[in-house]
Amino acid sequence: MQKFVVCIEDTGEKYTCAGMRSVLEGMEALGKKGIPVGCRQGGCGVCKVQILEGQYVRRVMSRAHVSTEEEAAGCVLSCRIYPTSDVRLQVVGAMKKNICRSLAAPSLTHP
């Protein structure tokens with residue numbers, strides 16, 4: 001079983017994902033965070049990402065969330081792509097602000 005490294009540009013998070021799992025499933029299986037999670041079936045658009053580097057096989061995605069033009073430019077739903085190489089991505093769409101907000105939140109330290 002081949003495994004590939006997925007790097008989420010927004011958070012710096014990296015994890016390995018088996019080629020038989022979607023990029024989103026691989027993240028969840030390891031308890032990682034960085035890509036927003038919604039329906040997991042390609043219908044809600046919450047897990048929309050831009051592929052910056054890497055190759056993947058895609059499954060059917062709702063055109064309500066990913067247009068043909070967006071897909072041609074590397075925008076996909078992470079629940080519907082399966083890596084065939086190492087992948088570098090960034091979160092796009094309405095949920096990106098939640099990822100960026102959590103990064104900007106100050107960390108609390110106790111004396």
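Residues numbered from 1 in each chain as written. Predicted model: local features only at pLDDT ≥ 70, side-chain atom pairs only at ≥ 80, totals over all residues. Heavy atoms only, no water.

Scanning the chain for helices and strands turns up three helices and seven strands. Its helices and strands taken in sequence order, the chain reads β-β-α-β-β-α-β-β-β-α from the N to the C terminus. The burial tally for the chain puts 38% of its 111 residues in the buried class. Here the analysis covers contacts within the chain between residues at least 6 apart in sequence; of these, 56% occur between residues at least 24 apart. Surface exposure of the chain reaches about 6400 Å², of which carbon and sulfur atoms provide 52%. (Helix = DSSP H or I, 4+ residues; strand = E, 2+ residues; numbered from the N terminus. Buried < 20%, exposed > 50% of the residue type's maximum accessible area, 1.4 Å probe, protein only. Contact = heavy atoms within 4.5 Å. Areas by Shrake-Rupley, 256 points an atom, 1.4 Å probe, with all protein chains shown as cover.)

This part takes up the pairing of strand E7 (residues 87-91). The two faces of a sheet get side chains in turn, since along a regular strand they alternate between them. Only one face of E7 is buried, namely the one carrying Val87, Leu89 and Val91, since none of Arg88 and Gln90 on the opposite face is buried. Inspection of the sheet shows strand E1 (residues 3-8) paired to E7 by three bridges, in the parallel sense. Its bridge partner lying in E7, Ile8 is registered against Leu89. Two strands pair when backbone bridges link them, and strand E3 (residues 48-53) and E7 are joined in this way by four bridges, in the antiparallel orientation. Among the inter-strand pairings, Gln50 is bridged to a residue of E7, identified as Gln90. (Pairing = 2+ DSSP bridges.)

Here we come to the nonpolar core. Ranked by internal contacts, the top residues of the largest apolar core, which has 19 residues, are Tyr15, Val23, Ile35, Ile51 and Leu89. For this core, the secondary-structure elements that each account for two or more residues are E1, strand E2 (13-18), helix H1 (23-29), E3, strand E5 (75-77) and E7. If one sorts the elements of this core by residue count, H1 sits on top with three residues. Not counting residues within four places of it along the chain, the set of residues in contact with Ile51 comprises Tyr56, Gly74, Val76, Ile81, Val87, Arg88 and Leu89. (Core = buried A, V, L, I, M, F, W, Y, C linked by side-chain atoms within 4.5 Å.)

As a further point, take the pattern of salt bridges. Side-chain pairing between opposite charges can occur once the charged atoms of the two side chains come close. Counting across every chain of the model gives seven salt bridges. Glu28 is the partner of Arg40 in a salt bridge, and the nearest nitrogen-oxygen pair spans 2.7 Å. Pair noted here: Arg40 is in the loop between H1 and E3 and Glu28 is in helix H1, with a separation of 12 residues, a long-range link. The class for Arg40 is partly exposed, based on a relative accessible area of 44%. (Salt bridge = Lys/Arg side-chain N within 4 Å of Asp/Glu carboxyl O.)

These figures come from the coordinates and say nothing about function on their own.
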